[in-house]
Amino acid sequence: MAQEIHEPKDVDIESIRPPSKKEVDKYQHANATIIALVRNNEALAISKTIRRLETSFNSKFRYPYTFINDEPFTERFMQRMQKLSDAPMEFVTIPKELWKKPSHIDEEREEKAMQILSDQRVSYAKKGSYHNMCRFYLGNFYNVPELKKYQYYWRIEPNVQFYNDLKYDVFKYMEATKKVYGFAINLYDISETVVSLWPETLKFLNKEDNYKYVNPNGAFQWLLENQQNPKNNKKANGYSTCHFWSNFEIGDMDFFRGDAYNNWFKHLDSTGNFYYERWGDAPVHSMGLALFADTKDIHWFRDIGYFHDPYVNCPNSPNTIGCETGQFSRWGHLSDQNCMASWIDYSMEDPSAIY
Ligand code: GDP
Ligand code: MN
């Protein structure tokens, strides 16, 4: 926290500066889009996010937005969005087969399982659409036809905050350094929601020759850490429950489209536990990355000040305004949910090197 955070040094930063205002129309973009999965009734909340992202980043670059929804967007919604930015916008209805609950789910079993989770006070346990959303964001978003033309994405959500004036092209940063995934916040999950995620993953890895998918330089220690929060590890049967908080993601969809991640997803899907448990998109993305990506290709955007209630990444930098340096949550009692120390210890070669 004492270390001042600058722009990344592992890239020729001057080569990825924004174009001048006059040149922005001719800017050569990376193959990337900003993705927002939202409902029509979230127009106000997503407008706030877009205004902040425009101020922080996108008014300088004009990366296209792709809005996605399980229902058609209304005219009113689309008109409201178009007023917020000069960037191109696409409005997409998700094909039903990428969104809806698979037919093999036993609804009686699902109802019983959700009652148990709900009794344990797990939020969204009984909300069918939330389960669909998680499964969509972890197994299907990169297959939406309108997203297939893109490689990189930045996921945004309603009501989030950005605290910096970002003066470099984050997508070109990913491209130049060959990163597959960037995150801002790293935290523990509700272990009740992922009880069988790691055991099922081991079943998958031990089947046939699936072990070949494991990256020898994966983030295994971070994934399986049991020192800081042994209770979670125990309930989750060996998974630390540490995960990258997926409401902020800057990533390479080709990683998720690859055989390793997809065959694993198919196995997970066959268990039905997206509905009999409440496996979130964040732990599944994170576990997939820890197993199948090279740790050095996963990037902590330390320099991006970011808030999604109730957690924050607030770097010590002259370029960050509006948050409290080093704060993790606006609620003090939640600081034990922070998992970043484990990432720093196990997965970063030299935490002070690149900023
Ligand atoms: P939380 O951050 O886990 O509390 O969940 P959110 O309510 O923020 O949902 C995550 C993201 O999925 C947000 O961008 C929501 O707008 C979106 N979302 C959640 N459920 C639905 C749904 O049923 N339909 C659509 N179109 N978007 C959804
Ligand atoms: Mn959210």
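Just so you know, these numbers come straight off a predicted model, no measurement behind them. (Residues numbered from 1 in each chain as written. Chains lettered and ligands numbered in written order. Predicted model: local features only at pLDDT ≥ 70, side-chain atom pairs only at ≥ 80, totals over all residues. Heavy atoms only, no water.)

A. Just the state of the cysteines, in detail. Here the structure, examined in full by the defined rule, presents two disulfides. Shown here is the disulfide that connects C242 with C339, its sulfur atoms set 1.8 Å apart. Of this pair, C242 sits in strand β8 (residues 242-244) while C339 sits in the loop between β12 (311-313) and α14 (340-347); the two residues are 97 residues apart in sequence, bridging distant segments of the chain. Paired through a disulfide, C314 and C323 show a sulfur-sulfur distance of 2.1 Å. Around the S-S axis, the bridge from C314 to C323 shows a dihedral of about 85° and counts as right-handed. According to the relative accessible area criterion, C323 is partly exposed, its value standing at 22%. Counting only the cysteines that form disulfides, in the order they appear in the protein, gives the pairing 1-4, 2-3. You can see C134 has no disulfide; the closest cysteine sulfur is in C242, sitting 18 Å from it. (Disulfide = S-S within 2.5 Å. Helix = DSSP H or I, 4+ residues; strand = E, 2+ residues; numbered from the N terminus. Buried < 20%, exposed > 50% of the residue type's maximum accessible area, 1.4 Å probe, protein only.)

B. Main features of the environment of F204. Locating F204 in the fold gives a position in helix α7 (residues 197-206). When its relative accessible area of 3% is taken as the criterion, F204 is described as buried. Remark: the alpha-carbon pair of F204 and L268, spanning 64 residues in sequence, is separated by 8.3 Å. The residues touching F204, leaving out its near neighbours within four places in the chain, are N210, Y213, A260, N263, W264, H267 and F292. (Contact = heavy atoms within 4.5 Å.)

C. Structural context of the sheet that holds strand β2 (residues 65-69). If you walk across this open sheet you meet the seven strands as β3-β2-β1-β4-β9-β6-β10, and the pairing is mixed. This sheet does not close on itself; its edge strands, each paired only once, are β3 (89-93) and β10 (298-300). Between one strand and the next, the sheet's axes are offset by a mean angle of 20°, whatever the strand orientation. For strand β1 (residues 32-37) and β2, the ladder comprises four bridges, and the chain directions are parallel. Its bridge partner lying in β2, I35 is registered against T66. Lying over the sheet, helix α2 (residues 75-82) contacts β2 and β3, oriented at roughly 155° with respect to β3. (Pairing = 2+ DSSP bridges. Axes fitted to C-alpha atoms, helices over the stretch in contact; angles between N-to-C directions.)

D. View of the site of ligand 1. By nearness alone, 14 residues border ligand 1, and L37, E42, D70, Y124 and Y130 come closest of all. Note that an oxygen atom of ligand 1 is positioned 2.7 Å from one of the backbone N or O atoms of L37. The separation between a nitrogen atom of ligand 1 and a polar main-chain atom of V38 is 3.0 Å. Computed on the free molecule, ligand 1 has an accessible area of 570 Å², of which 86% lies beneath the protein chains in the complex. The dominant element in the shell around ligand 1, judged by the number of residues it contributes, is helix α5 (residues 128-139), at three residues. Each residue belonging to the shell around ligand 1 can be placed in one class, and the counts come to seven nonpolar, three polar and four charged. (Near = heavy atom within 4 Å. Polar contact = N/O pair within 3.5 Å; in protein donor to acceptor, adjacent residues only side chain to side chain. Areas by Shrake-Rupley, 256 points an atom, 1.4 Å probe, with all protein chains shown as cover. Nonpolar A, V, L, I, M, F, W, Y, C, P; charged D, E, K, R; others polar.)

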